[in-house]
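Secondary and tertiary structure notes
This is what each chain is made of:
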Amino acid sequence: MILDYLDGNCPSDIETDLCIIGAGAAGICIARAFMGTRVNVCLIESGGLHGEAATQSLYAGTYDGLPVDPANSRMRAFGGSCNLWGGGCIALGVQDMQPREWVPHSGWPVSYQELEPYYLRARTYCGIESHAFTNGTFTTRLKHPPLAFDPAKLTHQTFIRTSTFFGSSYRHELEAATNIQVLLHANLLELITPANASAVSGARIGTLAGKHGEVRARYYVLACGGIENARLLLLSDSTAQSGLGNERDLVGRYFMDHPRGKLGTLFTDIPDRLMRPYDRELGRGPAPPFPEICLSDQAQREHRLLNGRVRPFPVGGQTPKGVQAVRDLRARWRKHPNARSETQDLEERICASLDYPGSVRQDNMSRTPEGTGKLALRMGLGAGDIAKAMGRRLSHKPAVRSQHFDVVGYFEQAPNPDSRITLSQERDALDQRKVHVQWKLTDLDMYTYREAGKLFGQELARVGRGRFEPEPWLRANSGVSPNIVGTAHHMGTTRMAEHAADGVVDPQCRVHGVDNLYVAGSSVFPTAGWAFPTFSVIALSMRLADHLNNRMHDLMMFIG
Ligand SMILES: Cc1cc2nc3c(=O)[nH]c(=O)nc-3n(C[C@H](O)[C@H](O)[C@H](O)COP(=O)(O)OP(=O)(O)OC[C@H]3O[C@@H](n4cnc5c(N)ncnc54)[C@H](O)[C@@H]3O)c2cc1C
C-alpha cells in the first residue's frame, strides 16, 4: 500500500521487518522482491508521486572544482532520478570489474561471473528480457551494421534503450501489495545506533511540515542515490561521531561520475553512412538496441587507459526548426506523459542544467522549458522541414544531413580518494547539513583523454574516409582548461571492498562493522567502466534482495 506520511491518520512510528530508504530504481527493486512474502517492508520516500520544488530543494548543496550541481543533477521524488533517465541499459564488462595494475584502487570483490545471473534477471525489471547479452554488451542484431574499426583498437558494445520508468511502471503493484508500506513525504534524518554503533536500532524520519517519528526494523537498506547515501551516513553521527560506517574516513570519498567532453571534430565524405548506425532517432519499438564506439580491452591494456566510448553528434547543418520542435515534443512525451506542471518545470530545470555550452547534450533531453501549445505552433510553422526529414528517414538516413561531427567522449573515472563529498555548515529546510561536492580528476584521467582522443580520432578518420581535428585542450601542456563536465551518474562514495580498511561496504553491500545496515546503488561501485550505471545498480539490488531474503528466512526459522 502507499501511504502519505503527511496524512494525520498515518502513524508516526512504524515497526517492520525490512526498512528500505529511498524509492528509486534500487529501492523499488528490493521492495518488489519481497511482495507476497511473510516479510513486512516499509519503503521510506522523501518525495511524493511527482516532483515538488520544496522536496527537491532538500538536494541543494555546493561544489568546488569541476561542476556538479547536487540540486539539479538528480530527482527527489518517487521513482528517483530515473524519472528523468535516458533509459540506457548495459552491463559492466569482465575487465571493468577486475583489478588493473595501471588503475589505482581498481578491482571489485565481486566478479562479473557472480553478477551475471542478476544481470539476466535485471532485464525483466527493465522490460528488456528479450535481449540476450554477454560480457558488457547486448547481442541483439543491429538494423544498421556499425563501422568496421580495427578490433585491437576500438570495439562496439550494444546497449538497449528501455522505455520503462520504475516509479510509474511499478507503483500500482506496490499499491496493491499488502505486506509493503510505501511512506511518501517521509525523509530519513538519521539512522540511530546504540553506543557501540554495531547495529541500527531505528530510522528517525520527518516531514517538511514538522511531523517526526521512527521506523524500527530488523534490517535497513539505504537506497538514496550516489551522493545522498554518503550524506545520510555522515549525518548519522549522534553515536558514531564521524558518521556511521566512517571510522576510517572513507564515507564520501572516491566520488566518481562519467566525465564527458568534446574530443574533436570529424570531417567526412560519408556522413550518412557514418551516422546511421549510431543515430538514436532511428531506434524503433519500446526497447531498441544501439551500438557504442568503445576502446577495446586490448587498447586499454596496451596504452594503460581507463575505459571510454565516443558518440558522433552531427553539427554541419543547423537543425531545421520544425525538426527540432518534433524532437522536443517527443522528448517531453517520453519523459513525463501525464506529468503535472510543477513536475515538468522541475524536470526541465534539471535537464537544462545538465546541458552545457557547445553542441553536446544528454540523450533525449528537451532544450527549453515551454508549453505544449508553443511546441505545436513551432511544428506547424516547420511543416516543410518535417516533410523533408521524413523523406530522409524513409531511406534510413539521419533527418538532417551534416558534413562534420562533434566527437564526444564519455569516460570511466579513476577512483580517487580526494574526489569526495562532505557536509557543509549550511542547513536545509529539515535542519540537516547540506552536501558539499569536490569532484576531482587525476593525471590518469587526463592522460586517458589525450591518448584515447588520438585512438578514436585516427580510427574514425580512417573508417570515415575523412579527417579528425582534436580539441586544443587535449594537447599535452596546451594550457587550455579541460572541457569536462559530468553525466549525472554519481558513484563510488560508499565503495565496496573485502576489508573495512579499503571500503565502506562488504561484498554483500553490508556496511562494514554495522550488522544490519546495507547500501544499494551506484555509491557501492569501486570502479564504473563507461557503462550507464543503473542496470548494474539493479543487478546488485537483486543480489542484495536474495541475501536479505536468506538472512530473514534464517532468522524466522530461528525464532519460529
Ligand atoms: C538526466 C539523467 C539521465 C540519466 N540517464 C541514465 C541512463 O540512460 N542510463 C542509466 O543507467 N542511468 C542514467 N541516469 C542515472 C540514473 O538515474 C541513476 O543511476 C539511478 O537513478 C540510480 O537509482 P537509485 O535508486 O540508486 O537512486 P535514485 O534514483 O537517486 O533514488 C533515490 C531515492 O531516494 C529518495 N531519497 C533521497 N533522500 C532521501 C531521504 N533522506 N529520505 C527518504 N528518501 C530519500 C529520493 O527521493 C529518490 O526517490 C540518469 C540520470 C539523470 C539525472
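Before reading on, note that the structure itself is shown above.
Residues numbered from 1 in each chain as written. Predicted model: local features only at pLDDT ≥ 70, side-chain atom pairs only at ≥ 80, totals over all residues. Heavy atoms only, no water.

Regarding the overall build of the chain
To keep things clear, this is the line we draw: A run of H or I in DSSP counts as a helix once it spans at least four residues, and a run of E counts as a strand once it spans at least two, with each numbered from the N terminus. For the radius of gyration, the atoms used are the C-alpha atoms, and the globule rule reads 2.2 Å times the number of residues raised to 0.38. Whether a residue is buried, partly exposed or exposed follows from its accessible area with a 1.4 Å probe, protein chains only, as a fraction of its type maximum: under 20%, in between, or over 50%, in that order. Residue burial considers only the protein chains on display, and all accessible areas are found by Shrake-Rupley using a 1.4 Å probe. Positive: Lys, Arg. Negative: Asp, Glu. His and the chain ends are not part of the count. Here the site of a charge means NZ on Lys, CZ on Arg, CG on Asp, or CD on Glu.
Secondary structure summary: the chain contains 14 helices and 22 strands in total. The C-alpha radius of gyration computed for the chain amounts to 23 Å, which stays within 12% of the reference 24 Å derived for 560 residues, consistent with globular compactness. Taking the principal axes of the C-alpha coordinates as reference, the chain spans close to 70 × 55 × 45 Å. The buried share of the chain, taken over its 560 residues, is 60%. Carbon and sulfur atoms make up 51% of the accessible area of the chain, which amounts to about 21500 Å² in all. Here the chain contributes 61 positively and 58 negatively charged side chains, and the mean placements of these two sets differ by 7 Å.

What about the pairing of strand β13 (residues 212-216)?
Threshold: Any two strands with at least two DSSP bridges between them are considered paired.
The two faces of β13 differ: G213 and V215 on one face are buried, but H212, E214 and R216 on the other face are not. The sheet contact formed by strand β12 (residues 202-206) and β13 spans four bridges and is antiparallel. Pairing of A203 across the sheet is with V215, part of β13. The antiparallel pairing of β12 with β13 creates a hairpin that spans five residues between the two strands, and G210 there sits at a positive phi of about 100 degrees.

Some points on helix α6 (residues 228-235)
Stated precisely, the cut-off is as follows: Whether two residues are in contact is decided by their heavy atoms, any of which lying within 4.5 Å being enough.
Counting buried residues in α6 gives eight out of eight residues, a clear majority hidden from the surface. Looking only at α6, the buried set comprises E228, N229, A230, R231, L232, L233, L234 and L235. Residues of α6 that are buried make contact with β11 (187-192), β14 (219-222), β19 (420-427), β20 (433-439) and β22 (517-519).

A closer look at the sheet that holds strand β9 (residues 154-161)
Threshold: For every element, the axis is a line fit to its C-alpha atoms; helices are fit only across the contacting stretch, and the angle between N-to-C directions ranges from 0 to 180 degrees.
With antiparallel pairing, seven strands are arranged side by side in an open sheet as β6-β9-β16-β17-β18-β15-β21. Pairing within the sheet leaves two strands with one partner each, and these edge strands are β6 (88-89) and β21 (466-470). Sheet topology note: the strand β17 (residues 308-314)/strand β18 (residues 404-411) ladder contains seven bridges and is antiparallel. The residue bridging R309 from the neighbouring strand is Y410, located in β18. The strands touched by helix α13 (residues 443-463) within the sheet are β9, β15 (260-268), β16 (289-295), β17, β18 and β21, with β16 carrying the most contacts at an inclination of about 120 degrees.

Looking at the site of the ligand
Put simply, the rule is: One heavy atom within 4 Å of a molecule or strand makes the whole residue count as near it. Two N or O atoms form a polar contact when they lie within 3.5 Å of each other; inside protein one atom must be a possible hydrogen donor and the other a possible acceptor, and for residues adjacent in sequence the pair counts only when both atoms belong to side chains. For this classification, Asp, Glu, Lys and Arg are treated as charged, while Ala, Val, Leu, Ile, Met, Phe, Trp, Tyr, Cys and Pro are nonpolar and the rest, including Gly, are polar.
Taken together, 37 residues surround the ligand, and among them E45, A77, S81, L188 and T534 come closest. Within the side chain of E45, one N or O atom sits 2.6 Å away from an oxygen atom of the ligand. At 2.9 Å from an oxygen atom of the ligand is found a main-chain nitrogen or oxygen belonging to A77. Out of a free accessible area of 1000 Å², the ligand has 96% covered by protein chains. Among the secondary structure elements, those contributing two or more residues to the shell around the ligand are α1 (25-33), β11 and α6. Looking at the shell around the ligand residue by residue, the classes come out as 20 nonpolar, 14 polar and three charged.

Let's talk about the sheet that holds strand β3 (residues 18-21)
The strand order across the open sheet formed by six strands is β1-β10-β4-β3-β14-β22, and the pairing between neighbours is parallel. The open sheet has two free edges, formed respectively by β1 (2-4) and β22, since each of these has just one partner strand. Shown here is a sheet whose adjacent strand axes are inclined to one another by a mean of 20 degrees, direction ignored. Sheet analysis places β1 next to strand β10 (residues 180-184), joined by three bridges and oriented parallel.

Quick word on the nonpolar core
For clarity, the cut-off: Among the buried residues, those of types Ala, Val, Leu, Ile, Met, Phe, Trp, Tyr and Cys that are joined through side-chain atoms within 4.5 Å form a nonpolar core.
Counting residues in hydrophobic clusters, the biggest one holds 145 residues, and the most contacted among them are L18, F166 and L191. Residues contacting F166, with those up to four places away along its chain left out, are A25, I28, C82, W85, Y125, C126, R171, T534 and I538.

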